[in-house]
Amino acid sequence: GVNPVDTYFREGIYKPPMLPWTPGSDFSGVVVEVGSSSSDLNIGDRVFGTGMGRDLDGTYAETIVAPRKNMALLPDEVEFEEGAAIALVGVTAWRALIDHGRIKSGEKCLIHGGNGGVGHVAIQIAKDRDAEIITTARPKYHKSLKDLGADYVFDYKEEKLADLIEQKGTQDVIIDHMCDEYMEIDIRVAGQGARIVGIGQENSDVTIPSFSVARSKEITLHMISMFNTPKICSVLEQLAMMMSDGLLKAVVEDRYSLDEVKSAQKAIYSESRLGKIIITP
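Participant: Break down the sheet that holds strand S3 (residues 71-73) for me, citing the residues and quoting the values.
Facilitator: Strand order across the open sheet formed by three strands is S1-S2-S3, with antiparallel pairing between neighbours. Since the sheet does not close on itself, it has two edges, and those belong to strand S1 (27-30) and S3, each with one partner. On average, adjacent strands in this sheet sit at an angle of 25 degrees to one another, irrespective of strand direction. Where S1 meets strand S2 (residues 46-49), four bridges bridge the pair, whose relative direction is antiparallel. Bridge pairing links Ser28 to Phe48 in S2. Each of S2 and S3 touches helix H8 (residues 232-244); the most contacted strand, S3, lies at about 35 degrees to it.

Below, the structure written as structure tokens:
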């Protein structure tokens, strides 16, 4: 899987753990060797995972070495492409909604950028928790996002976006990938005791506008990183169960080969898409 965080190392926002260095966080494949006789994995097991490339070498390769805590078994009915595509965005969406957002049945949830990697997975997780979902995206993605479970989809370029959201009620959980741009809207549409979770935007400065309003509503703000997940494999196991039950899927929009990595990373920012980009051997 190709993610914006992969580009942060190349651009110098994050410092690579070593040089030479292989980028990439996500992976899926078949176990060809285990490093310990006590491992619960066996040669031939189908696995998927994430969290590589920061403290360890990355995944833009045909063969990798990965810690057991960074992977889980991939259900037989799930394709390898989908396993590689969902890992990082799935863990991020899960932690945003479940661990930090503490989303509950019947709550209202605003997910900015629903067509993105995290966004389109977050919609499905929120729907599985019986939340009412508002998301934002370009008009060409509106039908697809409703098919994934969104109740309402608004164009993020709409001048009266906050008004449209307010018409659907105050929001209990808000997932925002561009806090520097939407924080004022988030605070305005948030309900009493709302939880705002900020993801992505590693190179942005975020300020808190309307502080007195946020305080009066007792809003909590969580800024999270997938790399801080205490036990990645536990979240991956939850995602695997949802995929196995047909409740969750990763949309793979574009595929690149290993010798097209440069183009794949450029495409992360230069093109709009629904879902994910992956690299295949």
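Participant: Mind laying out the pattern of salt bridges, listing which residues take part and the relevant values?
Facilitator: Per the counting criterion, the structure on display carries 12 salt bridges. Between Glu81 and Arg255 there is a salt bridge, with the nearest N and O atoms lying 2.8 Å from each other. A residue pair is termed long-range when its members are at least 10 positions apart, and Glu81 in helix H2 (residues 80-100) and Arg255 in strand S10 (residues 252-257) qualify at 174 residues. Of the residues examined, Glu81 reaches a relative accessible area of 29% and is grouped as partly exposed. In this structure Arg255 comes out as partly exposed when scored by relative accessible area, which is 47%. The closest approach of N and O atoms between Glu132 and Lys108, which form a salt bridge, is 2.8 Å. Of this pair, Glu132 sits in strand S5 (residues 132-136) while Lys108 sits in strand S4 (residues 108-111), placing them 24 residues apart in sequence. For Glu132, a relative accessible area of 24% puts it in the partly exposed group. By sharing partners, the salt bridges in this structure join Asp163, Glu166 and Arg188 into a single network.

Participant: Explain the nonpolar core residue by residue, including any values.
Facilitator: Ranked by size, the top nonpolar core spans 57 residues in total, and within it Phe48, Leu97, Ile125 and Leu145 carry the most contacts. At the level of elements, helix H1 (4-11), H2, S4, helix H3 (117-128), helix H4 (142-148), strand S7 (171-176) and H8 are the ones that each hand at least two residues to this core. Among the elements that line this core, the one with the most residues is H2, at 11 residues. If we skip the residues at most four places from it in the chain, Ile125 touches Gly90, Ala93, Trp94, Leu97, Ile98, Leu239 and Met242.

Participant: A description of a negative patch on the surface should follow, citing residues and the corresponding values.
Facilitator: A grouping of Asp76, Glu77, Asp128, Asp130 and Asp245 is seen on the molecular surface, where their side chains present a negatively charged patch. Relative to the assigned elements, Asp130 resides in the loop between H3 and S5. Taking relative accessible area as the criterion, Asp130 reaches 52% and is therefore assigned exposed.

Participant: Requested: an account of the packing of H1 against helix H9 (residues 261-270), with residues and values cited.
Facilitator: When two helices pack together, their arrangement is given by the angle between their axes and by how far apart the axes lie. In contact at an axis separation of 10 Å, H1 and H9 are set at 110 degrees when each is read in the N-to-C sense. Viewed along their axes, H1 and H9 adopt a mutual orientation that is roughly perpendicular. Both H1 and H9 take part in a crossing whose hand is left-handed. Contact residues: H1 offers Pro4, Asp6, Thr7, Tyr8 and Arg10, while H9 offers Gln265, Ile268 and Tyr269. For the contact of H1 with H9, a count of residues per class yields four nonpolar, two polar and two charged.

Participant: Account for the side chain of Asp6, naming residues and giving values.
Facilitator: Relative to the assigned elements, Asp6 resides in helix H1. A distance of 2.7 Å separates polar atoms of two side chains, one belonging to Asp6 and the other to Tyr60. Each residue touching Asp6, except ones within four places of it in the same chain, is listed here: Gly1, Trp21, Gly24, Ser25, Tyr60 and Gln265.

Participant: A description of the layout of surface pockets should follow, citing residues and the corresponding values.
Facilitator: Taken as a whole, the largest pocket spans an internal volume of roughly 1,200 Å³. For the largest pocket, the lining is made up of 45 residues, of which Pro4, Gly116, Gly117, His177 and Tyr269 are closest to its centre. In the lining of the largest pocket, the residues fall into 21 nonpolar, 17 polar and seven charged. Approximately 890 Å³ is the volume found for the second largest pocket. Together, 34 residues line the second largest pocket, and Phe27, Ser28, Gly29, Val30 and Ile64 are the ones closest to its centre.

Participant: Tell me about the environment of Tyr182, residues and numbers included.
Facilitator: Looking at the element boundaries, Tyr182 is found in helix H6 (residues 179-189). Put simply, Tyr182 and His112 are 70 residues apart on the chain and 8.7 Å apart in space, counted from C-alpha to C-alpha. Other than its neighbours up to four places away in sequence, Tyr182 contacts His112, Tyr156, Leu161 and Asp176.

Participant: For H2, give the residues involved together with the corresponding values.
Facilitator: With 21 residues, H2 should cover 30 Å at 1.5 Å per step; its first-to-last C-alpha distance of 29 Å lies within 8% of that length. At Ile86, H2 shows its largest kink, close to 45 degrees. Burial runs high along H2: 18 of the 21 residues are buried. After H2 finishes, the residue Arg102 shows a positive phi value of roughly 50 degrees.

Reading the values: rules and limits
Each chain carries its own residue numbering, running from 1 in the direction its sequence is written. Two thresholds apply to this predicted model, a pLDDT of at least 70 for residue-level local features and 80 or more for giving and counting side-chain atom pairs, whereas whole-chain, interface and lining totals are computed over all residues. Water and hydrogen atoms play no part in the side-chain values, which are based on all heavy atoms of the structure. When DSSP finds at least two bridges between two strands, those strands are taken to pair. A run of H or I in DSSP becomes a helix once it reaches four residues, and a run of E becomes a strand once it reaches two; helices and strands are each numbered from the N terminus. All axes are obtained by fitting lines to C-alpha atoms, using only the stretch in contact for helices, and the reported angles, taken between N-to-C directions, cover 0 to 180 degrees. Note on contacts: a residue pair is in contact if any heavy atoms of the two residues lie within 4.5 Å. We define a salt bridge as a contact between a side-chain nitrogen of Lys or Arg and a carboxyl oxygen of Asp or Glu at a distance within 4 Å. Note on classification: 1.4 Å probe, protein chains only; a residue is buried when its accessible area is under 20% of the maximum for its type, exposed when over 50%, partly exposed between these limits. Definition used in this section: a nonpolar core is a set of buried Ala, Val, Leu, Ile, Met, Phe, Trp, Tyr and Cys residues joined via side-chain atoms within 4.5 Å. Like charges are joined within 9 Å and nonpolar side chains (Val, Leu, Ile, Met, Phe, Trp, Tyr) within 5 Å, but only among residues with over 30% relative accessible area and no salt bridge; these make up the patches. Reported accessibility uses the Shrake-Rupley method at a 1.4 Å probe radius. Residues are deemed covered only where the shown protein chains occlude them. Residues scored as positive are Lys and Arg, those scored as negative are Asp and Glu, and His as well as the terminal groups of each chain are ignored. Working definition for charges: the position is that of NZ of Lys, CZ of Arg, CG of Asp or CD of Glu. Between 65 and 115 degrees an angle is taken as roughly perpendicular, under 35 as roughly parallel, over 145 as roughly antiparallel, and anywhere else as oblique. Handedness of a helix crossing follows the sense of rotation of the near helix relative to the far helix, less than a right angle counterclockwise being left-handed and clockwise being right-handed. Think of it as three bins: nonpolar holds Ala, Val, Leu, Ile, Met, Phe, Trp, Tyr, Cys and Pro, charged holds Asp, Glu, Lys and Arg, and polar takes everything else, Gly as well. Any pair of nitrogen or oxygen atoms within 3.5 Å is treated as a polar contact; in protein, a donor-acceptor pairing is required on top of that, and neighbouring residues in sequence qualify only through side-chain atoms on both sides. A pocket here means an open set of points on a 1 Å grid, computed over the protein atoms alone, that has protein on both sides within 12 Å along at least five of seven lines. A cavity is instead a set of points where a 1.4 Å probe fits but cannot get out; residues with an atom within 4 Å of a point line either one. Grid points are joined across faces, edges and corners, and a volume is the space filled by probe spheres set on the points. Helix span, expected: 1.5 Å multiplied by one less than the number of residues in the helix. The quantity called bend is, for any residue, the angle between two axes fitted respectively to the seven residues ending at it and the seven beginning at it.

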